[in-house]
Amino acid sequence: MTAPNATLRAVRMGMLMSQDDFARAIRDAGQRAGVPNDANKRLVQRWEAGVIVAPRPTYARALEVVTGLPISALGFSLAVPNPPASDGGLGGVDVDAAIPAQALPSLPRAAAASAANHSGIWLSRYEYHSSGREGTFTGLHHVVVLQHGDRLTVRSLPGSSDSPLTMDLTVDGNVVTGTWVEQTATDGYYRGARYHGAIQLLVEPTGRRMAGKWVGFGKEMDVNTGPWELVFQEASTNKAAMDRHNRRPDG
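Throughout what follows, the structure given in this document is the object of discussion. This is a predicted model, so every value here is computed, not measured.

### A closer look at helix α3 (residues 41-49)
- Residues of α3 that are buried: Leu43, Val44, Trp47 and Glu48. Taken down its axis, α3 places every buried residue within 135° of arc, on the same side.
- Where α3 is buried, its residues meet α1 (6-14), α2 (19-32), β1 (52-54) and α4 (57-67).
- Two or three places before arginine 42, at the opening of α3, asparagine 40 has a side-chain oxygen 3.2 Å from that residue's backbone nitrogen.
- Downstream of α3 by one or two residues, glycine 50 has phi in the positive range, about 80°.

As structure tokens, this is what we get:
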């Protein structure tokens, strides 16, 4: 007897999405990442019913992007790579609960170590100048960083700020580049404005800090820039770790 994935259902409902809406968001996330998928309402139903205990990697990344949570926090019981069909594997389909876990191929240790290189919880800190308030201010968020190959998905924890932050980054050696988006608080100075731009960071040799610059457009469409850093907090991205950091960072 399969156990329903109540966690995933609760996350979806908390996002005020129907199963159709959720499937559409999964498809859109895959399209933006250049890895299209065929998510539909039926697939979401099978995930939530517990019929499928682990999504394919293509879907796993899209799920993390849409929800802002690691796949380990979405109620799935195990993570399984996509085996090649030519080896008599599962042909790239999602893994059903009826398939024994011990019969499934495992991710090579080297690949797993590489994939988890920068994953964890980090403190994001950037500075920006406000001409309207005639001063320089600091934006702080606790963020969850998830790595898949050379791609980093960064999502702020909801309790760390009233202004949700997302980043989609690519790692090339010690250079990290990509884009950022921040939706400012509706009751704040910027009244719910959505800002976005580009960012480039250098990873320090310790791997515990990334520092660089951001660039983006201001309210008057002028180009602004400033320093940005990510400081490592812990490697775990499980629920307990996220709960510990789901608060406003110390200034």
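### As for the pattern of salt bridges
- Taken as a whole and assessed by the stated rule, the structure comprises nine salt bridges.
- Among the ionic pairs, glutamate 229 bridges to arginine 209, the shortest N-O distance being 2.7 Å. Of this pair, glutamate 229 sits in strand β10 (residues 223-234) while arginine 209 sits in strand β9 (residues 209-217); the two residues are 20 residues apart in sequence, bridging distant segments of the chain.
- The partner of glutamate 234 in a salt bridge is arginine 244, with the nearest N and O atoms 2.7 Å apart. Here the residue glutamate 234 occupies a position in strand β10, and arginine 244 occupies one in helix α6 (residues 239-245), the gap between them amounting to ten residues.
- With a relative accessible area of 46%, arginine 244 lands in the partly exposed category.
- Among the charged side chains, a salt-bridge network with shared partners connects Arg125, Glu204, Arg209 and Glu229.

The rules behind the values
Here, residues in each chain are numbered from 1, in the same order as that chain's written sequence. The predicted nature of this model means local features are confined to residues of pLDDT at least 70 and side-chain atom pairs, given and counted, to a pLDDT of 80 or more, with totals for whole chains, interfaces and linings taken over all residues. Just so you know, side-chain values use all the structure's heavy atoms and leave hydrogens and water out. Partly exposed describes any residue whose relative accessible area lies between the buried limit of under 20% and the exposed limit of over 50%, with all areas from a 1.4 Å probe on protein chains only and scaled to the type maximum. Each helix corresponds to a stretch of at least 4 residues labelled H or I by DSSP, and each strand to a stretch of at least 2 residues labelled E; elements are numbered beginning at the N terminus. Summarising the geometry, the arc corresponds to the directions from the helix axis toward the C-beta atoms. By the convention used here, residues are in contact when the closest approach between their heavy atoms is within 4.5 Å. Identification of polar contacts relies on pairs of N or O atoms within 3.5 Å, with a donor-acceptor requirement for protein atoms, meaning one able to donate a hydrogen and the other able to accept it, and with residues adjacent in sequence counted only if both atoms are side-chain atoms. Salt bridge, as used here: a side-chain nitrogen of Lys or Arg that lies within 4 Å of a carboxyl oxygen of Asp or Glu.

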